[in-house]
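Listed below, chain by chain, are the residues.
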Amino acid sequence: MAVHFVLDTKELPEGTHTIVTVNGREIGLYHLNGSYYALNNYCPHYGAPLCAGHVGGTNLPSDVYQYEYGKQGQIVRCPWHGWEFDIKTGVSLFDDKIRTRTYPVEVRDGKIGIVLGK
Amino acid sequence: MSERIKVIDVDVHNEQNDSDLVPYLPEPWKSRVARSGLGMAGSGYYSPVGVMRRDTIPPGGGKAGSDPDLMIEQLVERYDMEYAILTGVIYNVSATHDPDFAAAVCSAYNDFLIDKWLSKHKVFKGALAVATQDPYLAAREIDRLGSHPDIVEVIISSAARAPLGQRMYHPIYEAAERNGLPVAIHPGAEGAGSSTAPTAAGYPTWYIEWHTCLSQMFMAHLVSMVCEGVFEKFPRLKVVLVEGGIAWLPHIMWRLDKNYNALRSQVPWLKRRPSEYIRDHCYLSTQPIEEPDNPQHLVDLFNMVDAENMILYSSDYPHWDFDPPTGILRKLSAEAKHKIFYDNARKLYKLSPRD
């Protein structure tokens, strides 16, 4: 297990995201509601750069003709086919088995670190 | 060589003269129909074959399909059918313009059906016709007669003013579910009266095109019903897609499921993949069965979507493109045949073995 410090917290304000490269891996780093999340920049569908996708909210499961908009800022849509993924878990919204890899994030001394390996 | 198989036929067209409905109509419709007939709207497409099998015209006169005794001889006894679901043709009235007239015609027909056909022979079960112009009137009719022991489903026209999943139609599905009846959807008036164009591209030139493209109507209605959440709202509802073809089913399931992956946020009320709703709630009737050069290809297609649990045999007697139960689907396994020719319909319509 290794923590790779990639950014100062000042460089990733609340509500923003960026893409960093660690050990040759592209990882999307998101700052959402005071926490940081790291997501593999790779869509399990066709390998598109997932973290280049639009970040927003979505319509949560609801009754017919009811709209429950939620998870604002927590959903990334793949730029190629629009699949939605939960940034906090990497899990797609249409099938629990479809997911992209996530990594633990550690913040120490004003620096954001991504944890790779076991 | 044909082994004996048990058969339920889910699409048999009984016919009558317009004047036969007059005694069952209230005024002002009674006087109107007595003077001028029903005035159904036609699609305007000429068929060189005609619509009826010529050998089904009763020797003593009258319309093809109008004589119960001849129907029993030519269809029921010849193919040893256990039940024949009478679907009529009155559902075509949904393409006409006046909602009150259309509802009154359906009510008169339903009373006539019970009176003159369903009481005639135990083999006959009936589809309760309702018009879609005013779904609240349709729901009232379903509540009026839906509990009759010989009524086994509701039938509506696939020729409609809008995709049939849309919310204004929901009172029909609500009433059908309340009465424990499947809703059958049947083509015939596509392009007529106030219904939409008969194909997605507009009005084709000939009947051969019109007839081939009827399956488009069913694809559009089915996608609409799934996406509008009809099966979430009415979880006990079953829908029978009659005479709309079958081979398109894998295509629509795959295409809709794929789109759901990307577009589910538009239909957040869907809790499962769209194809699962189709599998659990929908049935398709066989006639006119697709006939590929290699018959095994159709069996392969069925297997792709486990279709043998969703398919119901239909003959379409006495129409020109009649499919005899002894002629079609010969490549199927005995088990699949038993489901398609008999058991799926027996379960869906809750029919007990006769005698």
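Above: the structure in question.
Residues numbered from 1 in each chain as written. Chains lettered and ligands numbered in written order. Predicted model: local features only at pLDDT ≥ 70, side-chain atom pairs only at ≥ 80, totals over all residues. Heavy atoms only, no water.

Visitor: Provide a residue-level description of the overall build of chain B, including the pertinent values.
Guide: Each helix and strand in chain B was counted, giving 13 helices and 8 strands. For chain B, the C-alpha radius of gyration of 19 Å lies close to 20 Å, the compact-globule estimate for 355 residues. A burial count over chain B gives 59% of its 355 residues as buried. Restricting the contact set of chain B to residue pairs at least 6 apart, pairs at least 24 apart contribute 79%. Working note: accessible area of chain B is about 14,700 Å², and carbon and sulfur atoms make up 51% of it. In chain B, 36 positive and 45 negative side-chain charges are present, and the distance between their average locations comes to 4 Å. (Helix = DSSP H or I, 4+ residues; strand = E, 2+ residues; numbered from the N terminus. Rg over C-alpha atoms; globule rule 2.2 N^0.38 Å. Buried < 20%, exposed > 50% of the residue type's maximum accessible area, 1.4 Å probe, protein only. Contact = heavy atoms within 4.5 Å. Areas by Shrake-Rupley, 256 points an atom, 1.4 Å probe, with all protein chains shown as cover. Lys, Arg positive; Asp, Glu negative; His and termini not counted. Charge placed at Lys NZ, Arg CZ, Asp CG, Glu CD.)

Visitor: Residue-level account of the packing of aromatic side chains, with values.
Guide: Residue and element names in this part refer to chain B. Under the defined criterion, the tally for this structure stands at 12 aromatic pairs over all chains. Ring geometry for Y79 versus F322: centroids 6.1 Å apart, planes at 40°, classification tilted. Residue Y79 is located in the loop between α3 (68-77) and β2 (81-86), and its partner F322 is located in the loop between β8 (311-312) and α13 (334-348); the two are separated by 243 residues in the primary sequence. Taken individually, Y79 and F322 each receive the classification buried, so the pair is uniform in this respect. Between W117 and F124, the aromatic rings sit 5.5 Å apart at their centres with planes inclined by 70°, giving edge-to-face as the arrangement. F124 carries the same exposure label as W117, and that label is buried. Taken together, the ring pairs connect Y45, Y207, W210 and W320 into an aromatic cluster. One cation-aromatic arrangement involves R32 over F101; the distance from NZ or CZ to the ring centre is 3.6 Å. (Phe/Tyr/Trp six-rings, centres within 6.5 Å; stacked < 30°, edge-to-face > 60°. Lys NZ or Arg CZ within 6 Å of the ring centre and 35° of its normal.)

Visitor: So what's going on with helix α11 (residues 274-281) of chain B? Residues and values would help.
Guide: All names here are of chain B. Within the span of α11, buried status applies to P274, S275, Y277, I278 and H281. Burial along α11 is one-sided: seen end-on, the buried residues are contained in an arc of 155°. Buried residues in α11 make contact with α8 (214-227), α9 (230-233), β6 (239-241), α10 (249-263) and β7 (282-285). (Arc of directions from axis to C-beta.)

Visitor: Tell me about the pattern of salt bridges, residues and numbers included.
Guide: According to the stated counting rule, one finds 19 salt bridges over all chains in the structure shown. Between B:R272 and B:D280 there is a salt bridge, with its nearest N and O atoms 2.6 Å apart. According to the relative accessible area criterion, B:R272 is partly exposed, its value standing at 28%. One salt bridge connects B:D343 with B:K347, and the closest N-O pair in it is separated by 3.7 Å. Of this pair, B:D343 and B:K347 both sit in helix α13, 4 residues apart, roughly one helical turn. We classify B:D343 as buried; its relative accessible area is 13%. The exposed category is assigned to B:K347, whose relative accessible area is 54%. One salt-bridge network, in which partners are shared between bridges, spans A:R77, A:E84 and B:R264. (Salt bridge = Lys/Arg side-chain N within 4 Å of Asp/Glu carboxyl O.)

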